[in-house]
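So you can see what is in the structure, the chains are spelled out below.
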Amino acid sequence: MNSKNYSRGKLTDKVFKYTALTFTLFALAILVILLVDIFSKGLARINWDFFRNLPSRHANRSGIMTAMAGMLSLLFFTIIIALPIGILAGVYLQEYGKKSRFASFIEINIANLAGVPSVIYGILGLTLFVRILHMGNSVIAGALTLALLIMPIIIVATREAIKAVPHSLREASYGMGATKWQTTSRVVIPSALGGILTGIILAISRAIGETAPLLVIGALVYVPFIPEGPNDQFTTLPIQIFNWTSRPQADFIINAAAGIIVLLLITFLLNGIAIYIRNKWYKKIKY
Amino acid sequence: MYKLEAKNANLWYGKKQALKDISIGIEENSVTAFIGPSGCGKSTLLRCFNRMNDLIEDTKIKGEFLLDKENIYTDMDIYELRKRVGMVFQKPNPFPKSIFDNVAYGLRIIGEKNKTVIKDKVELSLKHSALWDEVSGILNKSALSLSGGQQQRLCIARTLAIDPTVVLMDEPASALDPISSAKIEDLIYELKKEFTIVIVTHNMQQAARVSNRTAFFYLGELIEFDDTKKMFTNPQNERTQNYVTGRFG
């Protein structure tokens, strides 16, 4: 009886193992097919001109110059706005804020905000920045919208990183007569920096991929110029890709594939950096 | 005259009373050991002397705590107090910084900018804590690369660097192996020439070896306080006797 149960258990074990393996391979296969498809279509289009050219109605003369420039200026302002507010809010909530019902209410809401669909932020941005504050469909309106979108992510990441700093380190600092500010700035934040940086990079990589909120606030799909200031109109790489895929000519699909390759590489690079920092950090600080 | 003194000290964590009417005087340049079973209040009392209990929410304290006859809670600045009364914790807790920066931390937070002053003080403190010979060549390496025993001596050096007159030690050797533990004990023996040391320990032999006087606590009360020799050979209270002979605790 016992040995029968045992062999049945072994069988279940095997069945489960191979089922799980099949599903994993299935997911991987889809990813590989996607990548092969994109790369086989788009790789030939990627050359120096592709990065240097403005968009054009001739597919083979179209480039991502304006999209990249728009994306970079958009990211620049997004980071300038979201980073200080997000980090300071995270530090305040975790290190200074008193535990109260109101605090936990805020905490839950910030976590919820991180999960709100991005198009909702687009609607908020459209109403608030574009219409009420008359910013128009400018870089700054887009940056503010994206900043709102990634701020909860930065706040949550900062809090988690700070929470992970062992209490004993704070005690050591306070025990030597350090003030709260000295302890926070010299011990807690440096110790949490790896986690905070990881969160920031992941937030930026999220911002790069966002299309929906920018479309809602009215980012242009065809921009034949480079934005020169925060009040200029703009486009970004995902929007440019979106534009190309919606064209009927097959040549533009190739452009879209090439744009996707660039976007993928940027995202992979950022995520890679995030993983590198995280691994390096956790090796360093171990208790 | 006592260096440190508690008079009718009571402390509550929320509703739970952790210290019950404790009065104790600690002499200068001596080692005083606090012993007793877990939860008896020995660490709590220790942490009153540099106000580390302030970090714990919902703590209520009554009674007087004196350092050189000055009231710790009313007559002096909390940051000033903690510079005069240093603390070494149970688990070594070096900052994730270099060995040098760890020891220099206390000087830097009081605004010392002179590099020579900092360098000399770091060296002196590391010599004081018997760590200099082991780390003099690797001062820029991470403190976390040291062994547990070395880390604990580094934490002691870090505390000594701010020139305290009292050093509180909360089970400083309990997370260490016997050899490292012995080194810490030797160090305590040396340090008492210049500092007043209060040590909480679970290790009875350790208390017997390093301390001049021993206080036995039980359920938040100070049961007996006397010369260490007498506490271990001829205690007056039956509970002390049972504890030091290992019959309970």
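Anything mentioned here points back to the structure above.
Throughout this document, residue positions are counted from 1 along each chain, in the order its sequence is written. By the order in which they are written, chains take letters starting at A while ligands take numbers starting at 1. In view of the model being predicted, local features appear only for residues whose pLDDT reaches at least 70, and side-chain atom pairs are presented and counted only at 80 or more, with totals across whole chains, interfaces and linings using the full set of residues.

A. Spotlight on helix 7 (residues 178-191) of chain B. Residues and elements named next belong to chain B. Secondary structure elements are taken from DSSP: a helix is a run of H or I of four residues or more, a strand is a run of E of two residues or more, and numbering for both begins at the N terminus. Multiplying one less than the number of residues by 1.5 Å gives the expected span of a helix. Look at helix 7: 20 Å from first C-alpha to last across 14 residues, which is about the 20 Å you get at 1.5 Å a residue. Put simply, a residue is buried when 20 or more other C-beta atoms lie within 10 Å of its own C-beta and exposed when 12 or fewer do; between those, it is partly exposed, and each C-beta is set from the backbone. Among the residues making up helix 7, those that are buried are Ile-184, Glu-185, Leu-187, Ile-188 and Leu-191. One side of helix 7 holds all its buried residues, which, seen down the axis, span an arc of 160 degrees. Helix 7 presents Pro-178 and Ile-179 as exposed residues on the side facing more than 90 degrees away from its buried surface. We call two residues in contact if the C-beta atoms placed from their backbones are at most 7 Å apart. Considering only its buried residues, helix 7 is in contact with strand 3 (31-35), helix 6 (148-160), strand 7 (166-170), strand 8 (196-200) and helix 8 (204-210). Comment: arc refers to directions from the helix axis out to C-beta atoms.

B. Main features of the interface of chain A and chain B. Of the residues lining the interface, 16 residues belong to chain A; the matching set on chain B comes to 21 residues. Every element with two or more residues in the side of chain A that touches chain B is listed here: helix 7 (167-175) and helix 8 (180-209) of chain A. Among the elements that take part in the side of chain A that touches chain B, helix 7 of chain A stands out by supplying six residues, more than any other. Just so you know the grouping, Ala, Val, Leu, Ile, Met, Phe, Trp, Tyr, Cys and Pro go in nonpolar, Asp, Glu, Lys and Arg go in charged, and all remaining residues, Gly too, go in polar. Residues that form the side of chain A that touches chain B fall into these classes: seven nonpolar, six polar and three charged.

C. Broad picture of the environment of Arg-209 of chain B. Residue and element names in this part refer to chain B. Examined against the element boundaries, Arg-209 turns out to sit in helix 8. You can call Arg-209 partly exposed: it has 17 C-beta atoms within 10 Å. For Arg-209 and Tyr-189, which are 20 residues apart along the polypeptide, the C-alpha to C-alpha distance reads 9.1 Å.

D. Geometry of the packing of helix 7 of chain A against helix 8 of chain A. Residues and elements named next belong to chain A. The axes are straight lines fitted to the C-alpha atoms, using for helices just the contacting stretch, and the angles between their N-to-C directions are given from 0 to 180°. At a minimum axis separation of 10 Å, helix 7 and helix 8 run at an interaxial angle of 155 degrees. Accordingly, the angle class assigned to the pair helix 7 and helix 8 is roughly antiparallel. As helix 7 packs across helix 8, the resulting crossing turns out to be right-handed. Here Leu-169, Arg-170, Ser-173 and Tyr-174 of helix 7 come into contact with helix 8, specifically with Gln-182, Thr-183, Val-187, Val-188 and Ser-191. Here the angle decides the label: under 35 degrees means roughly parallel, over 145 means roughly antiparallel, 65 to 115 means roughly perpendicular, and every other value means oblique. Should the near helix be turned anticlockwise from the far one by less than a right angle, the crossing is left-handed, and should it be turned clockwise, the crossing is right-handed.

E. The packing of helix 3 (residues 65-96) of chain A against helix 8 of chain A, seen in detail. Residues and elements named next belong to chain A. Interaxial distance between helix 3 and helix 8 falls to 10 Å at its minimum, and their mutual angle equals 140 degrees. As far as their axial angle goes, helix 8 and helix 3 are oblique. Seen along the crossing, helix 3 lies across helix 8 with a hand that is right-handed. Touching Met-71, Leu-75, Thr-78, Ile-79, Leu-83, Ile-87, Val-91 and Glu-95 of helix 3 are Thr-184, Val-188, Ile-189, Ile-196, Ile-200, Ile-204, Ala-207 and Ile-208, all from helix 8.

F. How the structure looks around helix 10 (residues 237-245) of chain A. Counting buried positions along helix 10 of chain A yields seven of nine residues, so the element is predominantly enclosed. Listed as buried for helix 10 of chain A are Leu-237, Pro-238, Ile-239, Gln-240, Ile-241, Asn-243 and Trp-244 of chain A.

G. Region of the structure containing the sheet that holds strand 7 of chain B. All names here are of chain B. In short, DSSP must find at least two bridges between two strands for them to pair. Spatial ordering of the open sheet is given by 6-7-8-3-9-10, a layout of six strands whose pairing is mixed. If you trace the sheet from one side to the other, it starts and ends with strand 6 (85-88) and strand 10 (221-227), each paired once. Between one strand axis and the next, the sheet turns by 20 degrees as a mean value, whatever way the strands run. In terms of strand pairing, strand 3 meets strand 8 through four bridges, oriented parallel. Looking at the pairing, Phe-34 lines up with Val-200 of strand 8. Its contacts with the sheet place helix 6 against strand 6 and strand 7, and it is angled at close to 170 degrees to strand 6.

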